Structure formats: C-alpha cells, structure tokens
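The chain contents come next:
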Amino acid sequence: MNPSNGPRPNERERYHPRVEARLQVKVLLSGRTVTAQARDISMNGLFLQAHPADSQRALTIALPLPGDRELVTMCTIRRREVDGVALEFGELDWDDLIALARFLHPHLP
C-alpha cells in the first residue's frame, strides 16, 4: 500500500469517531468568557475554531449540549492547525460522559 493513499497519521490514532458539530463553546480565559465554534466532537475531545496564544497549552471550556447539560472541563491542546486547535477533554464525570454519549449517538454513522 502506498503511504500517500492511507489515512493520515492522526486518523489512525483515533479511538473515538468524530461527528460534525457546529456547537458554540465558551472558553474561560482569566476571568472572561470568549465564544468560539466547535467544528467536530468525539467522546475524547473536539476541534475548536479558534486560535489561543501559542504559549497556551490548556483551556477551560464550557460546552452546552443542546437539550441537556453544560460540560465544563479543562482541555489540553493536542494539535494546532490553520483553522483552529484540536482539544482533548480532561476528566469528565459519569453524568458528563453519559450526556456527551446521548448527544453523539444519533450523529454516528
């Protein structure tokens, strides 16, 4: 198999499928809140269409799930791209995990 025909390296590493999600995310920064949009989301993280400072390695976000609860968690910035950053969720409690699964389930292939 020609490597250029296979999946990109980060796609091979994904355990949780991502689904398109145009959700508004609140990013908590030094006592203020900035709103940005999520491009996609999985059980492990999301892609945020925003550009935090290069020195920033983690963000606290509040993610309101439609018709459900708001998840608040610290996220690690795993990858930076031209149109935003890939975030990995920190610890989520069981109620947050179940709410996230409820949101994702109808959108999975």
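The model shown is predicted, which means the values in this text are computed figures rather than measured ones.

Glancing now at the overall build of the protein chain. Of regular secondary structure, the protein chain possesses two helices and six strands. Counting helices and strands in the order they occur from the N terminus, the protein chain gives α-β-β-β-β-β-β-α. Excluding contacts between residues fewer than 6 apart, the proportion of contacts in the protein chain whose partners are at least 24 apart in sequence is 50%. Summed over its atoms, the accessible surface of the protein chain is roughly 7,000 Å², and 52% of this surface lies on carbon and sulfur atoms.

What follows concerns the nonpolar core. In this structure, I41, L46, L48, I61, L63, L87 and F89 are the most contacted members of the largest nonpolar core, which totals 27 residues. When contributions to this core are tallied by element, the ones reaching two or more residues are β1 (19-29), β2 (32-41), β3 (45-49), β4 (58-64), β5 (70-81), β6 (84-89) and α2 (94-104). By residue number, the principal contributor to this core is β1, which donates six residues. For L87, the contacting residues outside a window of four places in its chain are R18, N44, G45, L46, L48, L59, I61, C75, T76 and I77.

Of all the six residues making up β6, five are buried; the element is thus mostly covered by neighbouring parts of the structure. When β3 meets β6, the two strands line up antiparallel, connected through four bridges. Across the sheet, residue G45 finds its bridge partner in β6, namely E88. Note: β5 against β6, six bridges, orientation antiparallel. Of the residues in β6, the one forming a bridge with R79 is A86.

On to the environment of E81, then. In this fold, E81 is placed in strand β5. In this structure, the C-alpha to C-alpha distance between E81 and Q49, residues 32 residues apart in sequence, is 9.3 Å. Engagement of the side chain of E81 in a polar contact is seen with the side chain of R79, the distance being 2.7 Å.

Cut-offs used in this document
Numbering of residues starts from 1 in each chain and follows the order in which that chain's sequence is written. With pLDDT at 70 or above as the cut-off, local features in this predicted model cover only qualifying residues; side-chain atom pairs require 80 or more to be listed or tallied, and sums for whole chains, interfaces and linings still use all residues. For side-chain calculations, the full set of non-hydrogen atoms in the structure is used, while hydrogens and water are omitted. Strands here mean DSSP runs of E at least two residues long; helices mean DSSP runs of H or I at least four residues long; both are numbered from the N terminus. Contact criterion: two residues are considered in contact whenever any of their non-hydrogen atoms come within 4.5 Å of each other. Only the protein chains shown count as cover for residues, and the accessible areas themselves come from Shrake-Rupley with a 1.4 Å probe. We define the nonpolar core as a collection of buried residues of types Ala, Val, Leu, Ile, Met, Phe, Trp, Tyr and Cys that are connected through side-chain atoms lying within 4.5 Å of one another. Between buried and exposed lies partly exposed: a residue is buried under 20% and exposed over 50% of the maximum accessible area for its type, with that area taken using a 1.4 Å probe on protein chains only. A pair of strands is labelled paired if DSSP reports no fewer than 2 bridges between them. The term polar contact refers here to a pair of N or O atoms within 3.5 Å; inside protein, the definition further demands a hydrogen-donor-capable atom paired with an acceptor-capable atom, and it admits residues adjacent in sequence only when both atoms are side-chain atoms.

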